[in-house]
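Tertiary structure, described
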Amino acid sequence: MRGIKLFQGYLWHPRELEFDPKQALPQQLGVGLEEGPVYVLIDPVRPPFAFFEDGTPTAGQSFYQLTLLVRSERAPHELKALTQPVSEELEPYLQATPRGVGWLLLEDLREL
């Protein structure tokens with residue numbers, strides 16, 4: 001078994017906003033999937049860039065790296081079919097976050 005990333009990205013919010021992504025997002029998704037659960041890892045990180053696209057500085061934001069991974073013996077490209085149901089399961093949690101919370105998650109499909 002090896003860890004395979006399905007998605008990786010960032011979540012951020014203004015520092016003054018009391019928000020804990022570890023409480024707002026599930027620790028696991030896709031519990032009924034054949035491969036087993038998809039783990040949602042949330043790690044605080046420094047802002048990965050100095051400014052947002054609109055020129056707003058990121059210094060006033062708290063950033064977290066989000067990694068969604070599954071343990072599998074299959075090759076990463078063989079897990080492509082998991083990305084759609086996992087994305088659909090995660091979406092309501094992201095949409096339920098407070099105003100001011102942003103995120104960017106990209107499909108990754110790489111071995112850790």
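Up top is the structure.
So, here's what we can say about the structure. (Residues numbered from 1 in each chain as written. Predicted model: local features only at pLDDT ≥ 70, side-chain atom pairs only at ≥ 80, totals over all residues. Heavy atoms only, no water.)

Quick word on the overall build of the protein
Within the protein, the secondary structure is distributed over 2 helices and 5 strands. Taken over the C-alpha trace, the protein has a radius of gyration of 15 Å; the compact-globule value for 112 residues is 13 Å, and the two agree within 12%. With respect to the three principal axes, the spread of C-alpha positions in the protein is 40 × 25 × 20 Å. Residues counted as buried form 43% of the 112 residues belonging to the protein. (Helix = DSSP H or I, 4+ residues; strand = E, 2+ residues; numbered from the N terminus. Rg over C-alpha atoms; globule rule 2.2 N^0.38 Å. Buried < 20%, exposed > 50% of the residue type's maximum accessible area, 1.4 Å probe, protein only.)

Details of the sheet that holds strand 2 (residues 28-29)
The antiparallel open sheet is built from 5 strands, whose spatial order is 2-3-4-1-5. One side of each edge strand has no neighbouring strand; the edge strands of this open sheet are strand 2 and strand 5 (102-111). Pairing between strand 1 (residues 2-14) and strand 4 (residues 61-72): 12 bridges, direction antiparallel. By the bridge assignment for strand 4, Tyr10 is matched with Gln65. (Pairing = 2+ DSSP bridges.)

Regarding the nonpolar core
Judged by nonpolar contacts, the single largest core of 22 residues is most densely connected at Leu6, Leu11 and Leu68. At the level of secondary structure, the elements contributing two or more residues to this core comprise strand 1, strand 3 (38-45), strand 4, helix 2 (80-95) and strand 5. (Core = buried A, V, L, I, M, F, W, Y, C linked by side-chain atoms within 4.5 Å.)

A few points about the pattern of salt bridges
Close approach of charged atoms allows side chains of opposite charge to pair. Counted by the stated rule, this structure contains 6 salt bridges. One salt bridge in this structure joins Lys80 and Glu107, with 2.9 Å as the shortest N-O distance. One end of the pair, Lys80, is in helix 2; the other, Glu107, is in strand 5, with 27 residues separating them in the sequence. On the basis of relative accessibility, which here comes to 43%, the residue Lys80 falls in the partly exposed class. What you see here is one network of salt bridges that share partners, running through Lys5, Asp108 and Arg110. (Salt bridge = Lys/Arg side-chain N within 4 Å of Asp/Glu carboxyl O.)

Observations concerning the pairing of strand 4
With respect to burial, strand 4 is a largely interior element, 10 of its 12 residues being buried. Direction of pairing for strand 3 relative to strand 4: antiparallel, over a ladder of 8 bridges. Across the sheet, the residue bridging to Asp43 is Gln65, located in strand 4.

Details of the side chain of Gln61
Its place among the elements puts Gln61 in strand 4. Residue class for Gln61 comes out buried when judged on its relative accessible area of 13%. Setting aside residues up to four positions removed in sequence, Gln61 forms contacts with Trp12, His13, Pro14, Arg15, Pro47 and Phe52. (Contact = heavy atoms within 4.5 Å.)

With respect to unusual backbone geometry
Its identity is not glycine, yet Leu109 carries a phi of approximately 50°, on the positive side. Along the chain, Leu109 turns up in strand 5. A residue is classified by how much of its surface remains accessible, and Leu109, at 17% relative accessible area, is buried.

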